[in-house]
Amino acid sequence: MRTRSVTALLAAVLTALLLVPATPAAAHNSLQEATPARDAQLTAAPTQVTLRFLQRLNPSYTTITVSDADQRKVPTSAPAVDGATGTVTIDGPLGNGTYTVGYRVVSRDGHPVQGSYRFTVADPAAPAPSAPASPSAPASAAAAVSTDADAAGEPDASGARSGDDSPPVALLAGGTVAGLLVVAGVVLFVARRRRARRTT
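Overview of the structure. (Residues numbered from 1 in each chain as written. Predicted model: local features only at pLDDT ≥ 70, side-chain atom pairs only at ≥ 80, totals over all residues. Heavy atoms only, no water.)

Details of the sheet that holds strand 3 (residues 48-53)
Pairing within the open sheet is antiparallel, and its 4 strands lie in the order 1-3-6-5. In the strand order of this sheet, the two ends are held by strand 1 (31-35) and strand 5 (80-82), each with one partner. Across the sheet, the mean angle separating the axes of adjacent strands is 15° when strand polarity is ignored. As judged from the 4 bridges shared by strand 1 and strand 3, these two strands associate in the antiparallel manner. By the bridge assignment for strand 3, Glu 33 is matched with Arg 52. (Pairing = 2+ DSSP bridges. Helix = DSSP H or I, 4+ residues; strand = E, 2+ residues; numbered from the N terminus. Axes fitted to C-alpha atoms, helices over the stretch in contact; angles between N-to-C directions.)

Quick look at unusual backbone geometry
The omega torsion of the bond from Thr 35 to Pro 36 falls at 0°, within 30 degrees of zero and hence cis. Tracing the chain through its elements places Pro 36 in the loop between strand 1 and strand 2 (41-42). In this structure, Asp 39 is a non-glycine residue whose phi angle is positive, near 65°. When you line up the elements, Asp 39 lands in the loop between strand 1 and strand 2. A relative accessible area of 41% places Asp 39 in the partly exposed class. At Gln 71, a position not held by glycine, the phi torsion is positive, near 65°. Structurally, Gln 71 can be placed in the loop between strand 4 (63-67) and strand 5. (Buried < 20%, exposed > 50% of the residue type's maximum accessible area, 1.4 Å probe, protein only.)

On their own, these measurements won't tell you what the molecule is for.
Listed below in structure tokens is the structure:
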């Protein structure tokens, strides 16, 4: 009877500990969906950029920007926040080229999460893009994808990257299971030994 109680207790402890590693990650916000999506090839220039996150957004701490291939910011409206969704309206038509969407939001625990992704406008009816204003500017700079200094780099539904630097949940869960199995083995061994002594 005592052995069954010990086994049930260990099972309950194991279940509780397996849920613990997921708690810090759940506290951080992350991008779930974006329009235009990451690496999208558009035949018509978008008029808005809409980002949907895992958690509700605080309008005071939500930033969404759009930059062209020369890292010049495209004029947009301030982010309009509706629950977990933020939207900016692009003030003028976008020409053909590659654009970078950058965002910065705050999680429930106050941790800032930021990231960026690119999309390309390739409208066959649009005029050819003008030459860069500064030829010496490195073209590769616009392709850089910024992430939070604490970001773990896990891709979300839109392909953008965000998160934190906490260890992988699978690794923590694996270590927890291994440790609890050892403890369970010791407890069961002691319980059987006591039972054997009583029977003798």
